[in-house]
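Residue strings, one per chain:
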Amino acid sequence: MFNIKIADIIIGIRNKYDFVRILCEDYIVCEEPEIIITATDNEIEEESRNNHSPKDYCESICIYRKICREIIKFNCFMLHASLISFDGKGYAFSAPSGYGKSTHARLWRGYFGSRVLILNGDKPIIKYDGKDFYAFGTPWCGKENDNINTSVILKSIFFIEKSNINLVCKSKPKEITSKLLEQIIFPLHKNDMINFMSVVDSLIKTLDFYSLKCNISFEAVKTAYNILGSDKNDD
């Protein structure tokens, strides 16, 4: 067993394989855990059958899924998105797998250079402190392994759609709810669900949301960046 710190939560992990410990190396701490997570043999077996993947890797998937369902008790949830810090502010690009989330984040880094840090390429944790939403890097971060063990105040979420042209607009309220919930792991218990929906409602009221149709180009970056500047001017 070892302990990690994510989103300021100390999580104990009872592991069977070394893979998950190596994965979490940059997040390991020597503090008492607030919650303890383990994956059963049956859960690992089922994940391995479904994904045709090695058991050590599948254990890490099962563990993170359980973490995501437990952390709502701490006003946290996992968002399927790539997360960047740009000039010290957080922006997330959310979409289903294969839509180019991490590619878009890397385009921002390529265009803006050191002004951009990629905190997580695939599965950051979002935490509500009653006023602001903070986004945290995690070791579960996609095949590119883009992650940094730090956090940033989250300002906006972009919903990415593949397109030959680059176009961005403010997301409509109904669209925000449906697209957001598609990219989040839900808690299993009723009491947790009530808290979860309250946190999500606060997120929708607090952040700016955009629908971004884009290709893989720096022009896509400029399109997204320009609407952020436009909104600042409107304010």
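My aim in this report is to walk through the structure given alongside it, one point at a time. (Residues numbered from 1 in each chain as written. Predicted model: local features only at pLDDT ≥ 70, side-chain atom pairs only at ≥ 80, totals over all residues. Heavy atoms only, no water.)

So, on to the overall build of the protein chain. Of regular secondary structure, the protein chain possesses seven helices and 13 strands. In terms of overall dimensions, the protein chain is globule-like: its C-alpha atoms have a radius of gyration of 18 Å, near the 18 Å expected for 235 residues. Across its three principal directions, the C-alpha atoms of the protein chain cover 50 × 35 × 30 Å. Taken across its 235 residues, the protein chain has 47% of its residues classed as buried. Residue pairs at least 24 apart in sequence account for 67% of intrachain contacts in the protein chain once pairs closer than 6 positions are excluded. Summed over all atoms, the accessible surface of the protein chain reaches about 11700 Å², with 48% contributed by carbon and sulfur. (Helix = DSSP H or I, 4+ residues; strand = E, 2+ residues; numbered from the N terminus. Rg over C-alpha atoms; globule rule 2.2 N^0.38 Å. Buried < 20%, exposed > 50% of the residue type's maximum accessible area, 1.4 Å probe, protein only. Contact = heavy atoms within 4.5 Å. Areas by Shrake-Rupley, 256 points an atom, 1.4 Å probe, with all protein chains shown as cover.)

What follows covers the layout of surface pockets. Space left empty within the atom packing is revealed by a probe, the size of a water molecule, rolled over the atoms. In this structure, the largest pocket occupies an estimated 360 Å³ of space. If you trace the largest pocket, you find 20 residues lining it, with Tyr57, Ile61, Asp122, Lys123 and Trp140 closest to the centre. Elements represented by at least two residues in the lining of the largest pocket include exactly α1 (18-23) and α3 (55-70). Partitioned by chemical class, the residues of the lining of the largest pocket number 11 nonpolar, five polar and four charged. (1 Å grid on protein atoms, 1.4 Å probe; cavity = no way out; pocket = protein on both sides within 12 Å on 5 of 7 lines; lining within 4 Å. Points joined across faces, edges and corners; volume = space filled by probe spheres on them. Nonpolar A, V, L, I, M, F, W, Y, C, P; charged D, E, K, R; others polar.)

Reading across from one edge, β3-β1-β2-β4 is the order of the four strands in this open sheet, with mixed pairing throughout. Pairing within the sheet leaves two strands with one partner each, and these edge strands are β3 (28-29) and β4 (35-38). With five bridges joining them, strand β1 (residues 2-6) and strand β2 (residues 9-14) adopt antiparallel strand pairing. Its bridge partner lying in β2, Phe2 is registered against Ile13. (Pairing = 2+ DSSP bridges.)

Attention shifts here to the side chain of Lys101. Considering the arrangement of structural elements, one finds Lys101 in helix α4 (residues 101-112). Excluding anything up to four places from it in sequence, Lys101 contacts His80, Ala81, Ser82, Phe93, Ser94, Ala95, Pro96, Asp122 and Ile160.

The subject of this paragraph is the pairing of strand β8 (residues 116-120). β8 sits mainly inside the fold: four of its five residues count as buried. Inspection of the sheet shows strand β6 (residues 81-86) paired to β8 by four bridges, in the antiparallel sense. Residue pairing for β8: Leu83 is matched across the bridge by Asn120.

Before going further, it helps to spend a moment on the side chain of Asp146. Along the chain, Asp146 turns up in the loop between β10 (133-136) and β11 (151-162). Separated by 2.8 Å, the side chains of Asp146 and Arg106 make a polar contact. Setting aside residues up to four positions removed in sequence, Asp146 forms contacts with Arg106, Ile118, Leu119, Asn120, Gly121 and Cys141. (Polar contact = N/O pair within 3.5 Å; in protein donor to acceptor, adjacent residues only side chain to side chain.)

A few words now on the nonpolar core. Counting residues in hydrophobic clusters, the biggest one holds 26 residues, and the most contacted among them are Ile4, Ile11, Ile13, Ile63, Ile67, Ile125 and Trp140. Looking at this core, the elements with two or more residues in it are β1, β2, β4, α3 and β5 (76-78). Broken down by element, the residue count for this core peaks at six residues, all from α3. In contact with Ile63, other than residues within four places in its own chain, are Ile13, Val20, Ile37, Ala39 and Trp140. Core analysis: the next-biggest nonpolar cluster, separate from the first, contains 24 residues, Tyr128, Leu154, Ile157 and Leu180 among them. (Core = buried A, V, L, I, M, F, W, Y, C linked by side-chain atoms within 4.5 Å.)

As far as function goes, none of this settles anything; it's purely spatial.
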